[in-house]
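A closer look at the structure
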Amino acid sequence: MPCFAASSETEDANTRGGAIFLFHGRLNDFFKSSREKPLVYTFKNHPTVKHAVESIGVPHPEVGSVLIEEKEVGFSHLLKGGERFDVFPVTGNWLYRDSSLRHHYRGRPRFVIDVHLGTLARRLRLLGFDALYSNQYHDHEIALCASSERRIVLTRDINLLMWCDIVYGCWVRSQDPDRQLPDVLDHFALRPWIQPFHRCTVCNGRIEHVERADVRDVVKPEIWEYYRKFYRCSSCGRIYWKGTHFQRMEQLVSSCAVTDR
Ligand SMILES: [Zn+2]
């Protein structure tokens, strides 16, 4: 059974036949204590780096690189004992770069979002992102969707991110929706992909322009008289126009345009 302990003594790892891990930056969010302190990880046989990192408590999608004496290794690297590993978080445009840990993500970022993150899902849709969400999802459904549709998982469940089917994802740190959106935009460098007013916030369907005459009997007469342009969700049929809802959306978009980190 592997175990780990905080230590500043390199010798500890050698005498126990273990290895030392030092986690950097945001990866320390997964520890209640021992921030930026070396951890001694002891083990039997020769586990992989991925197994060791997750046994310590850090889900693999959060890791950007793993180095032994400044040499990068992959998740399948086998521990021998006595090594020191530096583990770094993902940074910058990591999603779109190949690394020793994973291939780069192809195409426009798409998401599958865990239960209890409904507001985050709606706000991502507002910014034009394809964001699947249900408050009925089970873990295996999210993992399967992430794997089969190559979607990025957003969750508050650290254990879910450790599923091997999940390649791209992040642990949403904050419970405050006003913090969650900028955090996710930063984590995946999403701002260049923002495309407001392209997704239905209710069902995630695409929004398309619809002829004004076609909605005359669908919207209230005063709405139809006042507005010139209308849009319709291709999935649920909901009608949109650039009213007060759109002004709130514009405020959200402009607030997301500049990172506050
Ligand atoms: Zn819809």
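Residues numbered from 1 in each chain as written. Predicted model: local features only at pLDDT ≥ 70, side-chain atom pairs only at ≥ 80, totals over all residues. Heavy atoms only, no water.

Some remarks on the overall build of the protein chain
Along the backbone of the protein chain there are eight helices and 13 strands. Relative to its full complement of 261 residues, the protein chain shows a buried share of 48%. Within the protein chain, counting contacts between residues at least 6 apart in sequence, those at least 24 apart form 61% of the total. Put simply, the protein chain shows about 13700 Å² of open surface, and 49% of that area lies on carbon and sulfur atoms. Here the protein chain contributes 36 positive and 32 negative side-chain charges, whose respective centroids are spaced 5 Å apart. (Helix = DSSP H or I, 4+ residues; strand = E, 2+ residues; numbered from the N terminus. Buried < 20%, exposed > 50% of the residue type's maximum accessible area, 1.4 Å probe, protein only. Contact = heavy atoms within 4.5 Å. Areas by Shrake-Rupley, 256 points an atom, 1.4 Å probe, with all protein chains shown as cover. Lys, Arg positive; Asp, Glu negative; His and termini not counted. Charge placed at Lys NZ, Arg CZ, Asp CG, Glu CD.)

Points about the environment of Asp165
Inspection of the secondary structure assignment puts Asp165 in the loop between helix H5 (158-161) and strand E10 (169-171). Excluding residues that lie within four positions of it along the chain, Asp165 makes contacts with Ala143 and Ser147.

Brief notes about the layout of surface pockets
Unoccupied space between atoms shows up once a probe the size of one water molecule is rolled over them. Considering only enclosed or pocket space, the largest pocket measures out at about 160 Å³ in volume. Along the walls of the largest pocket sit Thr119, Arg122, Arg123, Leu126, Thr201, His245, Arg248, Met249 and Leu252, which together make up its complete lining. Elements that contribute at least two residues to the lining of the largest pocket include exactly helix H3 (118-126) and helix H8 (244-256). For the lining of the largest pocket, a count of residues per class yields three nonpolar, three polar and three charged. (1 Å grid on protein atoms, 1.4 Å probe; cavity = no way out; pocket = protein on both sides within 12 Å on 5 of 7 lines; lining within 4 Å. Points joined across faces, edges and corners; volume = space filled by probe spheres on them. Nonpolar A, V, L, I, M, F, W, Y, C, P; charged D, E, K, R; others polar.)

What about the coordination of the zinc ion?
Around the zinc ion, the protein contributes the donor atoms Cys200 (SG), Cys203 (SG), Cys233 (SG) and Cys236 (SG), which lie 2.3 to 2.4 Å from the metal centre. Sequence spacing among the residues donating to the zinc ion works out to C-x2-C-x29-C-x2-C. For Cys203, a relative accessible area of 29% translates into the label partly exposed. (Donors = N, O, S within 2.8 Å, 3.2 Å for Na, K, Ca; no water.)

Digging into the state of the cysteines
If you walk through the whole model with that rule in mind, you get zero disulfides. Free of any disulfide, Cys145 has its nearest cysteine sulfur in Cys203, 15 Å distant. Classification of Cys145 as buried rests on a relative accessible area of 11%. (Disulfide = S-S within 2.5 Å.)

Concerning the packing of aromatic side chains
Summed over the entire model, instances satisfying the criterion amount to 16 aromatic pairs. Cluster of aromatic residues (ring-pair linked, three or more members): Phe21, Phe23, Phe31, Tyr41, Phe43 and Phe85. When the ring centre of Trp224 is taken as origin, the NZ or CZ atom of Arg216, which lies over that ring, is 4.3 Å away. Positioned above the aromatic ring of Phe197 is the side chain of Lys242, whose terminal nitrogen or guanidinium carbon lies 5.7 Å from the ring centre. (Phe/Tyr/Trp six-rings, centres within 6.5 Å; stacked < 30°, edge-to-face > 60°. Lys NZ or Arg CZ within 6 Å of the ring centre and 35° of its normal.)

Concerning the packing of H3 against helix H6 (residues 177-187)
As a packed pair, H3 and H6 sit with axes 9 Å apart at the nearest point and diverge in direction by 50 degrees. Judged on the interaxial angle alone, H6 and H3 are oblique. Helix-helix and strand crossings are classified by hand; for H3 and H6 the assignment is right-handed. Contacts from Thr119, Leu120, Arg123 and Leu124 of H3 reach H6 at Pro177, Asp178, Gln180, Leu181 and Val184. (Axes fitted to C-alpha atoms, helices over the stretch in contact; angles between N-to-C directions. Parallel < 35°, antiparallel > 145°, perpendicular 65-115°, else oblique. Left-handed = near helix turned anticlockwise from the far one by under 90°.)

Describing H6
Judged by how many residues are buried, H6 sits mostly within the fold: eight of 11 residues are covered. All of the buried residues in H6 are Gln180, Leu181, Pro182, Asp183, Val184, Leu185, Asp186 and His187. Of the surrounding secondary structure, the elements contacted by the buried residues of H6 are H3, strand E9 (152-155), E10 and H8. Capping of H6 at its N-terminal end is provided by Asp176; its side-chain oxygen lies 2.9 Å from the backbone amide nitrogen of Asp178. Immediately downstream of H6, the backbone of Ala189 shows phi near 50 degrees, a positive value. (Polar contact = N/O pair within 3.5 Å; in protein donor to acceptor, adjacent residues only side chain to side chain.)

Here's the deal with the sheet that holds E9
The parallel open sheet is built from four strands, whose spatial order is E8-E7-E9-E10. Where the open sheet ends on each side, the last strands, each with one partner, are strand E8 (130-133) and E10. Ignoring strand direction, the axes of neighbouring strands in this sheet form an average angle of 20 degrees. Across four bridges, strand E7 (residues 110-113) lies against E8 in parallel orientation. For Val112, the partnering residue across the bridge sits in E8 and is Leu132. Here helix H4 (residues 139-148) sits on the sheet and contacts E7, E8 and E9; the angle it forms with E7, its principal contact strand, is near 170 degrees. (Pairing = 2+ DSSP bridges.)

As far as function goes, none of this settles anything; it's purely spatial.
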